[in-house]
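Each chain is listed here by its residues.
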Amino acid sequence: MTRSSSCRFAVFGLTLSLTVQLACSEGGGTGPNPVPTTITLNKTTVSLDALGATDALSATVRDQNGNIMSGASLSWASSNAGVASVSASGVVTAVANGSATVTVSSGSASGQASVTVAQRAAQLQKLSGDAQMASVMSVLADSLVLVVNDSRGNAITGVTVAFAVSASGGAVSPASAGTDAAGRVATQWSFGTAAGAHTVTATPGGGTSSALFSGTATPDAADSVYAVSGDGQTGTVGAALPVPLVVKVVDQYDNGVAGVAIVFTPAAGSGSVTPTNMQSGANGEASTTWTLGATLGSQSVDASAAGLKGDPVTFTATGTNLSLVAVNPDTMVEGASATLTGTGFSTTPANNTVTVGGLPAVVTFATATSLDITVPAFACQPVRAVNVQVTVGGANSNPVSHPVRPASLLALAPGEMMLVQDPTSFCLQFGPSATGGDEYLVGVGAAAESPTLMLSYTMTAVQGAAAPVPPAVAPVFAPRSGRMAMSSADLREIERRMAHDRAEQRIRAFERQFLDPATNPALRQAPQRSTAAAAAVPNVGDTLRLHVPNIDNTGGTGNTTGACDSIGIDVVVKTVGTAGIFVTDLNNPAADSLTDAELQAYSDTFDLHIYAADTTYFGTPSDLDVNQRVFVVLTIEVNKLLSGQIAGFVFGGDLFSAASCASSDQGELFYGHVPDPGNAAGTGARSKGSVLFQMPSLIAHEFTHNIQQSRRIVVLGRSRSLSTWEAEGQATLAEEVVGHSILGNTSGMDYGASVALSGAGASWYRFIFRRLGWYYGWNNGGGKNANAPDECTLFGTQSLNSGTPCEPFWFYGASWAFQRYVADRFGQSYPGGETALTRDWIAKSDLSGVQNVEALLGVQFDSVFARWAAENYVDGRVGVASDTSLQMASWNVHDVLSSLNAAAPLAPAQQTFGNFAVTEQVRSGSTVYTLLAAGASRPALAVRVRDLVDAPLGTATRPQVWIVRTK
């Protein structure tokens, strides 16, 4: 092995170092020796702000090949050691202010760093002049002297210090100066005319802190005295005046002077003062209380400060025999009569001015010793004590504190409700209670069918008279029940249903815009019988040509022309029932497809339950295709539509001729999705189980839309469709009643969670209650969405999605709950019962929305809306025995929702019986809820609802305030 290879072994087998490189170079003859060629410093500039401050430099030496020479010797030097020195190891030390250059050398290579030393003020020391005291307008005996040092305690020469005097604190001379060689600077402080504490702030230029000098200016000698208050009063003879007599002693600059003797002396017949002698206080003032003598008319008191200008100060008062002794009854009532007894009253009623709590009262009868008054009405004030006072001829009687209460106080039994609809009367009055323990639900709602309108308001509570013993304790709010955990299947169901509801809203929006006779007069002519392939009754095995509405274009948000596009499909008839015809697309995926037996079972369900229940509750649809049946079209084309969000739908265009809507099949059709485990549609795989699970309730819901549209437009020839919230609430009600039909349940049974969430009931009812929980603000987990249901609405529309806490379809739950409540409350007394009421909801009038409800029920909508709003919280609550108008007879809403999830039930804001003010806003079609609870006792309370400037609310949103006693 040669030496050359031995060197290579050493280089690659050991840590690379300068020593090894040199050894290989010398021994192997492979290249020239390393020579220092370049030097790089870790920094090229150094700044030091204090003498003695240091900074370390380090250097990297490289040879002619660019390799680091770790063992190279270094030599350090400073160009100006009097400014900055440098050690053999490269540590730079500040010596004096200035600049220098540090050079490092190794062989012929070198590097440099520039050094700047500039002291900065960091330590301030007050040598003299602090905390001095002198009279106003004097020059302080000691100059203000300050030493300015850097951070290492070295004096700084030549730094400018600015001196600033506080307001009215006089002046300094000079206002700024530079420090001397010892770092000192001085100024002279002269006080101005204002007595009191003053300061001077000294701030060095470029410094990071300031020094504060304090001083106290004392008043000059006492110069004069004058009256401050208490002159010119009128009072009852022999009684103390309400305002003390106050004088002030000042120097020539109007500074109060302490320690001056003041003597108060009443004139003959002018009563007495207490005290008669005292000294002026720190602010120069002295005061006494004057009790008038028996003299009617003018009385006086002199305040003497011997030798001062203004001495003596004379106070005058007018003595009168006007006196208020008593007020009856024990508690005055706003708007009622009261009697005042006393002396000195005028026998002419108009000459007596009576104020009650600052408001004028009408005097109806007067004698010299008695006045009858009408107690004024206050703006929503609680039971409380107020001052009553009489004024006659400019003289005021003594004030008397006396209780007053509103004309009426709330007196609700548990479960009882009060509704207020006049905004000028939005005031709730609670009297004090020694027992307490009561609880009230307060609702502020907006009943106008204008969901884009928002009502802003402030609810203000004013506490009044305290409750009798025992003392109040904090109220206890009932805890929520536990929640039912959600499975992965639940979550998938929720996602599917939510996606479907969003997509359905797009279709309904298109129909309202283009396929409603109210907006498209051309559709008001009677539809013609069909000549389409769907006409007449086919046989099992027949093939038909149908058109699936292309709702990506027809119902899509981009369609502004009303065009009805379609997708042609060939279908085969699978079942022909008594009410339905099930057909399947010949192009449906073969994998996991619906079997003939499954289709027959669902056809039987449609005939026996869906069609039967829906037509019983909502009426018989049209029969445009002359087959007395409804086509259920199951096609993969539905899977492809709206990015796979829709599960099935009916389309209003099928009720018109092809001339009005090109995609029309002129019949009663439902279009549904199919199993697609291989995702042939390209919008997501769908299992047979999920399709079969969703199919019955989906058809029950959508078929109801077919009934609504065809009965109104085709059968009855109405000029408008139902409003969206009516139609969707009714279609959701159809899911419930079809579920009842299949499961053997009936309405009005107050079912709870065991029926709604367990077993087969869950597939029919659970999602209905989920929708209601979302409307209440449930976030589908364990919490709440902010501002719900406040800013959601019963009258939900797709246009409200942006900027609201609610999805546009969450009103499904609210509108179902409203219609179920109406059916429960009015159904039994309605001619023909509940089913006649729900049928007439579609058929009774040509109206829609709120007007339709009022025509149906013959009652004001606003009152029904308010009681339904209260029912949303009250229903099913333990301990609330309310009348039936505050209950949903068919369901125990609280039990179902609290079992679904602890966060699902309606959760009002909570307040106690004390002062509070909250600003809220509520959307038309919703209500803000507040739970007001008391402990073992509570004070009086007045709660008012006003606009943001404390004026009565406007009427555009049809505002209402209601209250229910819940305990």
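Counting starts from 1 at the beginning of each chain's written sequence and moves along it residue by residue. Where local features are concerned, this predicted model is filtered to residues with pLDDT of at least 70; where side-chain atom pairs are given and counted, the filter is 80 or more; whole-chain, interface and lining totals use all residues. The basis for every side-chain value is the complete set of heavy atoms in the structure, and neither hydrogens nor water enter the calculation.

Description of the sheet that holds strand β14 (residues 171-173)
Now for step 1: For two strands to pair, DSSP has to find at least two bridges joining them. Strands here mean DSSP runs of E at least two residues long; helices mean DSSP runs of H or I at least four residues long; both are numbered from the N terminus. Within the open sheet, the four strands sit side by side as β10-β12-β16-β14. Their pairing is antiparallel. The open sheet has two edge strands with one neighbour each: β10 (123-128) and β14. The sheet shows a mean angle of 30 degrees between the axes of neighbouring strands, taken without regard to direction.
Now for step 2: Bridging between β14 and strand β16 (residues 184-190) involves three bridges; their strand directions are antiparallel. The residue of β16 that forms the bridge with S173 is Q188. Think of each axis as a best-fit line through the C-alpha atoms, taken over the contacting stretch in the case of a helix, with angles from 0 to 180 degrees between the N-to-C directions.

What to know about the packing of helix α9 (residues 761-775) against helix α14 (residues 893-900)
Now for step 1: Running from N to C, α9 and α14 cross one another at 90 degrees; their axes reach a closest spacing of 10 Å. By the criterion of interaxial angle, the relationship of α9 to α14 is roughly perpendicular. Residues R766, F769, R770, L772 and G773 of α9 lie in contact with α14, whose contacting residues are V893, V896, L897 and L900. The scheme is simple: roughly parallel for angles under 35 degrees, roughly antiparallel for over 145, roughly perpendicular for 65 to 115, oblique for anything else. Pairs of residues are marked as contacts when any of their non-hydrogen atoms sit within 4.5 Å.

Side note on the state of the cysteines
Now for step 1: Two cysteine sulfur atoms make up a disulfide if the distance between them is within 2.5 Å. Within the structure shown, the criterion is met by two disulfides.
Now for step 2: Paired through a disulfide, C380 and C427 show a sulfur-sulfur distance of 2.1 Å. Handedness of the C380-C427 disulfide follows from its S-S torsion of about 90 degrees: it is right-handed. Within this pair, whereas C380 is found in the loop between β33 (370-374) and β34 (384-392), its partner C427 is found in strand β38 (residues 427-430), the two being separated by 47 residues in sequence.
Now for step 3: Between the sulfur atoms of C564 and its disulfide partner C661 the distance amounts to 2.1 Å. Measuring handedness by torsion sign, the sulfur bridge of C564 and C661 sits at about -110 degrees and is left-handed.

Remarks on the packing of aromatic side chains
Now for step 1: Each Phe, Tyr or Trp ring, with Trp reduced to its six-membered ring, pairs with another whose centre is within 6.5 Å; inter-plane angles below 30 degrees give stacked pairs, above 60 give edge-to-face pairs, and intermediate values give tilted ones. The final tally for this structure, using the stated rule, is 26 aromatic pairs.
Now for step 2: For the pair W189 and F191, a centre-to-centre distance of 5.1 Å together with 70 degrees between the ring planes defines the contact as edge-to-face. For the pair W189 and F191, one class covers both residues: buried.
Now for step 3: Arranged with centres 4.9 Å apart and planes meeting at 65 degrees, the rings of Y765 and W891 form a pair that is edge-to-face. Taken together, the residues Y765 in helix α9 and W891 in the loop between α13 (861-874) and α14 connect sequence positions 126 residues apart.
Now for step 4: By the ring-pair criterion, three or more aromatic residues cluster together here, those being W725, F795, F818, F861, F865 and W868.
Now for step 5: To sit over a ring, a charge needs its Lys NZ or Arg CZ within 6 Å of the ring centre and within 35 degrees of the ring normal. The residue whose ring lies beneath K126 is F213, and the NZ or CZ to ring-centre distance is 5.6 Å.
Now for step 6: If you follow R384 out to its NZ or CZ, it ends over the ring of F378, 4.5 Å from the centre. Type-normalised accessible area, obtained with a 1.4 Å probe on protein chains alone, sets the label of each residue: buried when under 20%, exposed when over 50%, and partly exposed for intermediate values.

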